[in-house]
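Single-letter residue listing:
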Amino acid sequence: MDPNDSFREFMAVHQQSLMRTAYLLTGDAHLAEDLLQSVLLKVLSRWPKLADVTSPQAYARKALVNQYISWRRRLARVAELPRAEPPDRPYSTEDSMIVRIVMLRALAQLPPKQRAVIVLRYYEDLTEHETAKLLSCSIGTVKSQAHHALARLRVLAPELAPKFAEMEDLKGAHR
């Protein structure tokens, strides 16, 4: 069996989920593709060693978040990060499209760590413990970052404040 066969199987199962995470982190389809490609090259180079890892998907997701934060730090020093325009693919209704655009623009204005917490907790539906482990921080930091991020999102997108309150209530009941 070719050693890359297991990697191909991994990609067939998890590529879409990892791409969604990359897109939510970057807010831009092209940057998301670049981010995912650079992370997958690293994962592939380490694939034989990952045979002992219980969750290669968690490893890849953590690598995505770390690479995204690293990119943001580097770009912040050099130039301003370009903002994504509204997605070019249609959504089911005009209202859901507007909500998505407003949400993506608001997410793009959060600091990298807060954005990562929001994406992992509310889009990837990870627990506080899983998010903390992925970000190599304490559960308290995840809670604090989520609290501050949701407060900032309420200011950036006041029309979505009820949605943020609903998100907070849902996660508060299911930690």
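Parameters and conventions
Numbers given to residues run from 1 along each chain, matching the order in which its sequence is written. It should be noted that, the model being predicted, local features are given only for residues of pLDDT at least 70 and side-chain atom pairs only at 80 or more, the latter also being counted only at that level, while totals for whole chains, interfaces and linings use all residues. Hydrogen atoms and water are omitted, and side-chain values are computed over all heavy atoms in the structure. UniProt positions are given in the numbering used here, feature names are shortened, and annotations may be inferred rather than shown by experiment. Residues are said to line a cavity or pocket when one of their atoms sits within 4 Å of a point; the points come from a 1 Å grid over protein atoms alone, cavities being sets where a 1.4 Å probe fits but cannot get out and pockets being open sets with protein on both sides within 12 Å along at least five of seven lines. Grid points are joined across faces, edges and corners, and a volume is the space filled by probe spheres set on the points. Residues were grouped as follows: Ala, Val, Leu, Ile, Met, Phe, Trp, Tyr, Cys and Pro as nonpolar; Asp, Glu, Lys and Arg as charged; and all remaining residues, including Gly, as polar. Helix numbers and strand numbers start at the N terminus; a helix is a DSSP run of H or I with at least 4 residues, a strand a run of E with at least 2. We count a salt bridge whenever a side-chain nitrogen from Lys or Arg sits within 4 Å of a carboxyl oxygen from Asp or Glu. For the exposure calls, accessible area comes from a 1.4 Å probe over protein chains only, and a residue counts as buried if that area is under 20% of its type's maximum, exposed if over 50%, partly exposed in between. A pair of Phe, Tyr and Trp rings is counted when the ring centres sit within 6.5 Å of each other, with Trp represented by its six-membered ring. The angle between the planes then sorts it: under 30 degrees is stacked, over 60 is edge-to-face, the rest tilted. Pairs of N or O atoms are called polar contacts if they sit within 3.5 Å, as long as, within protein, a hydrogen donor faces a hydrogen acceptor (for residues adjacent in sequence, only side-chain-to-side-chain pairs).

Taking an unreviewed UniProt entry as the reference, the protein chain is identified by name as SigE family RNA polymerase sigma factor belonging to Nonomuraea indica. Heading Sequence similarities (unreviewed entry) of the UniProt record for the protein chain holds this comment: "Belongs to the sigma-70 factor family. ECF subfamily."

Enquirer: When you look at empty space enclosed by the protein in this model, what are you seeing that I'm missing?
Expert: Over the atoms rolls a probe the size of a water molecule, and its path tells where empty space is left. Tallied over the entire structure, the rule returns 2 cavities of 30 Å³ or more. Space inside the second largest cavity adds up to approximately 40 Å³. Forming the walls of the second largest cavity are Lys-113, Val-117, Leu-135, Cys-137, Thr-141 and Gln-145. Across the lining of the second largest cavity, the residue classes tally to 3 nonpolar, 2 polar and 1 charged.

Enquirer: Looking at this structure, how should I read the layout of surface pockets?
Expert: What the second largest pocket holds in volume is close to 360 Å³. Elements with a contribution of two residues or more to the lining of the second largest pocket: helix H2 (29-46), helix H3 (56-78) and helix H6 (128-135). Broken down by element, the residue count for the lining of the second largest pocket peaks at 7 residues, all from H3. Here the residues of the lining of the second largest pocket are counted per class, giving 7 nonpolar, 4 polar and 6 charged.

Enquirer: Sorry if this is basic, but what is going on with the pattern of salt bridges here?
Expert: Pairing between side chains of opposite charge can happen when the charged atoms of each approach one another. A full pass over the atoms with the stated rule returns 4 salt bridges. For Arg-8, the salt bridge goes to Asp-5, with nearest N and O atoms at 2.7 Å. Of the two residues, Arg-8 and Asp-5 both sit in helix H1 (residues 3-26), 3 residues apart, roughly one turn of that helix. The residue Arg-61 makes a salt bridge to Glu-124 at a minimum N-O spacing of 3.7 Å. Note that Arg-61 is positioned in helix H3 and Glu-124 in the loop between helix H5 (112-123) and H6, a separation of 63 residues in sequence. Among the residues examined, Arg-61 registers a relative accessible area of 9% and is labelled buried. Overlapping salt bridges, with partners in common, bring together Arg-20, Arg-61 and Glu-124 in one network.

Enquirer: Before we go on, may I ask you to explain the packing of aromatic side chains in this structure?
Expert: Aromatic rings in a pair are described by how distant their centres are and how their planes are angled relative to each other. In total, this model carries 3 aromatic pairs according to the counting rule given. Summarising the aromatic geometry, the rings of Phe-7 and Phe-10 are spaced 6.2 Å apart at their centres and angled 35° between planes, so their arrangement reads as tilted. With a gap of 3 residues between them, Phe-7 and Phe-10 both fall in helix H1, about one helical turn apart. Classification of Phe-7 by relative accessible area gives buried; the value is 10%. Pairing Phe-10 with Trp-47 gives two aromatic rings, centres 5.1 Å apart and planes at 45°, and the pair type is tilted. Highlighted residues: Phe-10 in helix H1 and Trp-47 in the loop between H2 and H3, separated in sequence by 37 residues. Residue classification places Trp-47 among the buried positions, given a relative accessible area of 12%. The rings of Phe-7, Phe-10 and Trp-47 are connected pair by pair, giving a single aromatic cluster.

Enquirer: Help me out: how do you make sense of the side chain of Thr-26 in this one?
Expert: With respect to the helices, strands and loops of the structure, Thr-26 is situated in helix H1. Polar side-chain contacts of Thr-26 include one of 3.0 Å to the backbone oxygen of Asp-28.

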